[in-house]
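Chains, contacts and geometry: an overview
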Amino acid sequence: MPAYAIAHLQEAAPHPEIAEYIERLPATFETYGGRFLVHGTQHEVKEGSWPGHVVMIGFPGITEARSWWDSPAYREIAPLRSRHIEGDIILVEGVPEGYDPTTTAGAIRDAASAK
């Protein structure tokens, strides 16, 4: 099942360390089968607010995503970003092929009727 690293990063002033981080980042995740899915693109807010930027890296699975995040190569460069950009970063599993959301809806319906 695929997994994703998703970052919601706030606006930041340009800094040479951020440029270095971006240059070095792909080499840290390619080893784990990761690839950029979203990076440096515009987003369109439809509800609520979402200031800043979105970055999304896809991995073959959650094990690879966690291994990348914990890797010495990534831990070494992470401060280049975190010193200059605030944000939230999550690792999340995707859904399996053929996922049926009606199962989730049924569970919610059952829980709501039990109250």
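Each remark here, short or long, concerns the structure printed above.
Now for a description of the structure that goes with this document. Starting from 1, residues in each chain are numbered consecutively following that chain's sequence as written. It should be noted that, the model being predicted, local features are given only for residues of pLDDT at least 70 and side-chain atom pairs only at 80 or more, the latter also being counted only at that level, while totals for whole chains, interfaces and linings use all residues. Computation of side-chain values: all heavy atoms of the structure, hydrogens and water removed.

Description of the environment of Glu47
Just so we agree on the cut-off: Numbering of helices and strands runs from the N terminus, with a helix taken as a DSSP run of H or I at least four residues long and a strand as a DSSP run of E at least two residues long.
With respect to the helices and strands, Glu47 occurs in the loop between strand 2 (35-38) and strand 3 (53-59). Through-space distance from the C-alpha of Glu47 to that of Pro96 is 27 Å; in sequence the pair is 49 residues apart.

Here we look at helix 3 (residues 72-82)
Put simply, the rule is: Buried, partly exposed and exposed residues are distinguished by accessible area as a fraction of the type maximum, computed with a 1.4 Å probe on protein chains only: under 20%, between the cut-offs, and over 50%, respectively. Note that the arc is computed from the directions linking the helix axis to the C-beta atoms. Note on contacts: a residue pair qualifies if any of its non-hydrogen atoms lie within 4.5 Å across the two residues.
Looking at helix 3, one finds that the buried residues are Tyr74, Ile77, Ala78, Leu80 and Arg81. Relative to the axis of helix 3, the buried residues are bounded by an arc of 155° and lie together on one face. Exposed positions of helix 3 whose direction lies more than 90 degrees from the buried face are Pro72 and Glu76. Of the surrounding secondary structure, the elements contacted by the buried residues of helix 3 are strand 1 (3-9), helix 1 (16-30), helix 2 (62-70) and strand 4 (87-93).

With respect to the nonpolar core
This is how it is decided: In these notes, a set of buried Ala, Val, Leu, Ile, Met, Phe, Trp, Tyr and Cys residues joined through side-chain atoms within 4.5 Å is what counts as a nonpolar core.
In this structure, Leu25, Ile57, Phe59, Trp68 and Tyr74 are the most contacted members of the largest nonpolar core, which totals 19 residues. At the level of secondary structure, the elements contributing two or more residues to this core comprise strand 1, helix 1, strand 3, helix 2 and helix 3. Tyr74 has contacts with Tyr21, Leu25, Thr28, Trp68, Trp69 and Arg81, leaving out every residue within four places of it along the chain.

Describing the packing of helix 1 against helix 3
This is how the line gets drawn: For every element, the axis is a line fit to its C-alpha atoms; helices are fit only across the contacting stretch, and the angle between N-to-C directions ranges from 0 to 180 degrees. If an angle is under 35 degrees, it is roughly parallel; if it is over 145, roughly antiparallel; if it lies from 65 to 115, roughly perpendicular; otherwise it is oblique. Take the far helix as the reference: if the near one is turned anticlockwise from it by less than a right angle, the crossing is left-handed, and if turned clockwise, right-handed. Amino acids are sorted into nonpolar (Ala, Val, Leu, Ile, Met, Phe, Trp, Tyr, Cys and Pro), charged (Asp, Glu, Lys and Arg) and polar (every other residue, Gly among them).
Here helix 1 crosses helix 3 at 155°, and the two axes come no closer than 8 Å. Between helix 1 and helix 3, the angle is such that the two are roughly antiparallel. Of the two possible hands of crossing, helix 1 and helix 3 adopt the one that is left-handed. Residues Glu17, Ile18, Glu20, Tyr21, Arg24, Leu25 and Thr28 of helix 1 form the contact with helix 3, whose participating residues are Ala73, Tyr74, Glu76, Ile77, Ala78, Leu80 and Arg81. Partitioned by chemical class, the residues of the contact of helix 1 with helix 3 number 8 nonpolar, 1 polar and 5 charged.

Quick notes on the sheet that holds strand 3
Condition: A pair of strands is labelled paired if DSSP reports no fewer than 2 bridges between them.
Taken in spatial order, the 4 strands line up as 2-3-1-4 in an open sheet, and their pairing is antiparallel. Only two strands of the sheet have a single partner each, and these edge strands are strand 2 and strand 4. The mean inter-strand angle of the sheet, taken between neighbouring strand axes irrespective of direction, is 25°. Direction of pairing for strand 1 relative to strand 3: antiparallel, over a ladder of 7 bridges. Considered in strand 3, the bridge of Ala3 is made with Phe59. Relative to the sheet, helix 2 contacts strand 1, strand 3 and strand 4, its axis offset from that of strand 4 by approximately 145°.

Topic: the packing of helix 2 against helix 3
Contact pair helix 2 / helix 3: the axes reach a minimum separation of 5 Å and the direction vectors enclose 65°. Contacts from Trp68, Trp69 and Asp70 of helix 2 reach helix 3 at Pro72, Tyr74, Arg75 and Arg81. Residue classes in the contact of helix 2 with helix 3 are distributed as 4 nonpolar, no polar and 3 charged.

Quick notes on the pattern of salt bridges
As a reminder of what qualifies: Definition used for salt bridges: Asp or Glu carboxyl oxygen within 4 Å of a side-chain nitrogen of Lys or Arg.
In total, this model carries 4 salt bridges according to the counting rule given. Between Glu17 and Arg83 there is a salt bridge, and its shortest N-O distance comes to 2.9 Å. Remark: Arg83 occurs in the loop between helix 3 and strand 4 and Glu17 occurs in helix 1; sequence separation between them is 66 residues. The shortest N-O distance in the salt bridge between Glu44 and Lys46 comes to 2.4 Å. Accessibility expressed as a relative area gives 59% for Glu44, which makes it exposed.

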